[in-house]
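# Topology and contacts: notes
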Amino acid sequence: MKYKESLRLHGGFAASRPFCGSAAVLPRLRCGFAAVFIFALGLSFAEAEEPPNAELSEYYYRYFPRVLRDDGLEAAERFLLRASDYEAVLSDLSLELARVEDELGRPRAQVIATIEKAISAKRWRRHSESGARLLKARLLNELCDYYAALYELERVGESAERERLALAALLGLRRNSAFRPRAIEALISYPEDQAIQALVFKYAAILQRRSDADISLVEALAKRICANMEAGDVIFEAAKYLSDVESARRILSSHIARKGQPPREALPVLLNLGVYNEETAIENLFYNNKNSAAPVPVELLREVYSLLRNDNSRDYFMDRLLSLNGVLGEDRNKDGIFELLADYEAGMCRRVRIDAAQSRGAPLILNCKAGITLDAEAGGYHLIYDAYPSVIRADSPQASFYFLPDEFFAAPVSFQPLFEIDGILFPERNEEFGVLTERILYASARRVVRPSAEFKGALEELKLLNGVIVKAEEKLAGNLVSETFYRNGTPLYQRADTDLDGRLETIRRFALNSRGELVIEYIEVDNEGFGVYLRE
């Protein structure tokens, strides 16, 4: 009886007769063994849910803060990259790597790809998928991919950060009808969040025409902020919308007395309300302890200059500008990210950096000296100028292109006075400047030098006329080892030194086959060196 019970328990079948090896019992045995196998298989899958590298990934995660603290961001990035094999085990590793990459200014597409690894792994212990999607949405906003950012935000829970990012995306899309109701809800849910408040004032600033609902929203918010003694820098934006000028002046003066020097961006309202005189505003514009390391927006320079009424102040402004040591930035879409940065020394531009797509990828860079543009990095090519915008040479990892003066032009920017007739020269982006390609460079080059495909270590020099190859020479250690002659850009024949003995003993003649492919028609060789070439 006990035996039957044990079979019933372990085999999963009822043993109605004693085990006698009859054929009738065999199917039941098979069923029992199958049940045992499935049960064991289920246990193995249950164990597999805990990844095999969990302990090692946990070690990396615990040790990472020490590396970050002691050795810095780049060491932390290298450390986390070594842990990339365990990203599927612990999503937190990928998210920490993404944060480090973002802090180091790596291309935003690269950071987003790292975040997507974290999300797809679905192995969260300390962080969460919502946190990863918030970071991804922020990066998408910075790339001006606002619809994708809103899609990510729909998949996370409610938070102040979510509302900030959603409002910024709606602002970028100029979705005024959607912005206002969401802003009202966000202000109700997070009444003290200064970033949300600043977005509302930014919304008001870009509106061409304000409705009664817009005016009511902005004025009510401005009054509430200005009545708060602990308000932050957003109070300078709020003061613009107070109808009582004396009250606004008193509130801002009191705020500066309590909090110290205001940010540069507050200077127009301080100057306009008379809180600062013109000289004080100019001093704070060009030297501001609160954000002295940050680039000065050119839009702010123009706005402050337009508010100066005194000729002496205008002259003082220009004197400071013409001796500028610092960086000016341009933010055309007004999202807080500079697409163009120009570095000045003694009023002369020495470097221009353009990232029009805000990708943080390969920016367009121009290097200048004493106001003269010397070279540029554009689209993977290093351009060397004869006299800007005339390019004399373009280098890439694959080839070097040589041009005659005034035959090939590349003008990513044009330098114009910052003001109508005065001020330092500021680089204005040339919207017609496209992407450089090899086809464009070949069309204008007179010579192209590139590594030889036949002789290791040799250089091949192509001679061109109107973009068509006329002749190609290959040299190894200064010695000619091959020369190829062309007709209408198609090779006719080649003389080559295949055994590197100093003689061009081999002649290859080329032709087009029936499919239009270039093939070797026949080869002639002068092995004896008598000037007699015989077909092989």
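Here, every reference points to the structure presented above.
So, here's what we can say about the structure. The numbering scheme is per chain: residues are counted from 1 as the chain's sequence reads. Selection of residues for local features in this predicted model requires a pLDDT of at least 70, selection of side-chain atom pairs for listing and counting requires 80 or more, and totals for whole chains, interfaces and linings are taken over all residues. Side-chain measures here rest on the full set of heavy atoms in the structure, leaving out hydrogens and waters.

### Side note on the overall build of the protein
This is how the line gets drawn: Put simply, DSSP H or I for four residues or longer makes a helix, DSSP E for two residues or longer makes a strand, and each gets a number counted from the N terminus. When a residue's accessible area, from a 1.4 Å probe over protein chains only, is under 20% of the maximum for its type it is buried; when over 50% it is exposed; and in between it is partly exposed. The contact criterion used is simple: two residues touch if any of their non-hydrogen atoms lie within 4.5 Å. A 1.4 Å probe and the Shrake-Rupley method give the accessible areas. Residues count as covered only by the protein chains that appear here.
Scanning the protein from terminus to terminus reveals 19 helices and 19 strands. Across the 536 residues in the protein, those meeting the buried criterion constitute 41%. Excluding contacts between residues fewer than 6 apart, the proportion of contacts in the protein whose partners are at least 24 apart in sequence is 42%. Carbon and sulfur atoms make up 53% of the accessible area of the protein, which totals about 29500 Å².

### Describing the layout of surface pockets
Operational definition: Throughout, the protein atoms alone are placed on a 1 Å grid, and a set of points is a cavity if a 1.4 Å probe fits but cannot get out or a pocket if it is open with protein on both sides within 12 Å along at least five of seven lines; lining residues have an atom within 4 Å of a point. Grid points are joined across faces, edges and corners, and a volume is the space filled by probe spheres set on the points. Gly counts as polar in this scheme, as do all residues outside two lists: the nonpolar Ala, Val, Leu, Ile, Met, Phe, Trp, Tyr, Cys and Pro, and the charged Asp, Glu, Lys and Arg.
In this structure, the second largest pocket encloses a volume near 420 Å³. Ile 354, Ala 356, Leu 364, Phe 433 and Gly 434 are, among the 20 residues lining the second largest pocket, the residues nearest its centre. Among the residues forming the lining of the second largest pocket, the class breakdown is eleven nonpolar, five polar and four charged.

### Thoughts on the packing of helix α5 (residues 91-103) against helix α7 (residues 129-142)
Put simply, the test is: In this description, a line fitted to the C-alpha atoms serves as the axis of each element, helices being fitted only across the stretch in contact, and the angle between N-to-C directions of two axes falls anywhere from 0 to 180 degrees. For classification purposes, angles smaller than 35 degrees are called roughly parallel, those larger than 145 roughly antiparallel, those between 65 and 115 roughly perpendicular, and all remaining angles oblique. Crossing handedness: left-handed means the near helix sits turned counterclockwise from the far one by under a right angle, and right-handed means the same turn made clockwise.
Remark: α5 packs on α7, axes separated minimally by 11 Å, with the N-to-C direction vectors making an angle of 25 degrees. Compared by their axis directions, α5 and α7 come out roughly parallel. Once α5 is placed against α7, the crossing between them reads as left-handed. Along its contact with α5, which presents Leu 95, Ala 98, Arg 99 and Asp 102, the element α7 presents Ala 132, Leu 135, Arg 138 and Leu 139. When its residues are assigned to classes, the contact of α5 with α7 shows five nonpolar, no polar and three charged.

### Some thoughts on the pairing of strand β8 (residues 390-395)
What counts is decided by this rule: We treat two strands as partners when DSSP finds at least two bridges between them.
As judged from the five bridges shared by strand β7 (residues 381-387) and β8, these two strands associate in the antiparallel manner. When the sheet's bridge partners are listed, Tyr 385 is paired in β8 with Val 391. Hairpin geometry of β7 and β8 is characterised by an intervening segment of two residues between the two adjacent antiparallel strands. In this structure, β8 lies alongside strand β9 (residues 400-402), joined through three bridges in antiparallel fashion. Across the sheet, residue Arg 393 finds its bridge partner in β9, namely Tyr 402.

### Quick notes on helix α10 (residues 176-189)
Along an α-helix, residues three or four apart share an orientation, since each turn contains 3.6 residues. Selection rule: An expected span of 1.5 Å times one less than the residue number is assigned to each helix. Directions are taken from the helix axis to each C-beta atom, and the arc is the one they span.
End to end, α10 covers 20 Å across 14 residues, agreeing with the expected 20 Å (1.5 Å per residue, within 8%). Residues of α10 that are buried: Phe 179, Arg 182, Ala 183, Ala 186 and Leu 187. Angular distribution of buried residues about the axis of α10 spans 140 degrees; they occupy a single face of the element. Pointing more than 90 degrees away from the buried face of α10 are the exposed residues Ser 177, Glu 185 and Ile 188. In the core, the buried residues of α10 are packed alongside α9 (160-173), α11 (194-206) and α12 (212-226).

### Quick look at a negative patch on the surface
To keep things clear, this is the line we draw: Patch membership needs two things, relative accessible area over 30% and no salt bridge, and members are linked within 9 Å if like-charged or within 5 Å if nonpolar (Val, Leu, Ile, Met, Phe, Trp, Tyr). We count a salt bridge whenever a side-chain nitrogen from Lys or Arg sits within 4 Å of a carboxyl oxygen from Asp or Glu. Only four residue types enter the tally: Lys and Arg on the positive side, Asp and Glu on the negative side, with His and both chain ends excluded. Charge placement uses NZ in Lys and CZ in Arg. For Asp and Glu, CG and CD serve respectively.
A cluster of acidic residues, Asp 311, Asp 315, Asp 319 and Asp 422, forms a negative patch at the surface. Of the residues examined, Asp 422 reaches a relative accessible area of 37% and is grouped as partly exposed.

### Quick word on the side chain of Asp 331
Note the following rule: Contacts described as polar in this section are N or O atom pairs within 3.5 Å, which, within protein, must combine one atom able to donate a hydrogen with one able to accept it, while residues neighboring in sequence count only if both atoms come from side chains.
Relative to the elements of secondary structure, Asp 331 occurs in the loop between β2 (326-330) and β3 (340-345). One buried charged residue, Asp 331, remains without a salt bridge, the closest side chain of opposite sign being Lys 202 at 6.0 Å. Here Lys 334 takes part through its backbone nitrogen, which lies 3.1 Å from a polar atom of the side chain of Asp 331. The contacts of Asp 331, once residues within four sequence positions are left out, are Glu 299, Gly 336, Ile 337, Phe 338 and Glu 339.

### With respect to the nonpolar core
Worth spelling out the cut-off: By nonpolar core is meant a set of buried Ala, Val, Leu, Ile, Met, Phe, Trp, Tyr and Cys residues that side-chain atoms within 4.5 Å join together.
Membership of the largest hydrophobic core comes to 111 residues, with the highest contact counts inside it found for Phe 317, Leu 328, Leu 383 and Phe 401. In contact with Leu 383, not counting residues within four places along its chain, are Leu 374, Asp 375, Ala 376, Ala 378, Val 391, Arg 393, Ala 394, Ala 410 and Leu 436. In terms of nonpolar packing, the next biggest core, distinct from the first, is built from 15 residues, Tyr 60, Phe 64, Ala 75 and Leu 93 among them.

### Here we look at the pattern of salt bridges
A side chain of one charge can pair with a side chain of the opposite charge when the charged atoms of the two come close. Evaluated as defined, the whole model comprises 40 salt bridges. Among the salt bridges present, the one from Glu 129 reaches Lys 122, with a minimum N-O distance of 3.8 Å. Given the relative accessible area of 55%, Lys 122 is considered exposed. Among the ionic pairs, Glu 431 bridges to Arg 332, the shortest N-O distance being 2.4 Å. On the criterion of sequence distance, the pair formed by Glu 431 in the loop between β11 (425-429) and α19 (438-444) and Arg 332 in the loop between β2 and β3 is long-range, its members being 99 residues apart. Taking relative accessible area as the criterion, Arg 332 reaches 38% and is therefore assigned partly exposed. Residues joined by salt bridges that share partners form a network here, namely Glu 116, Lys 122, Glu 129, Arg 133, Lys 136 and Glu 152.

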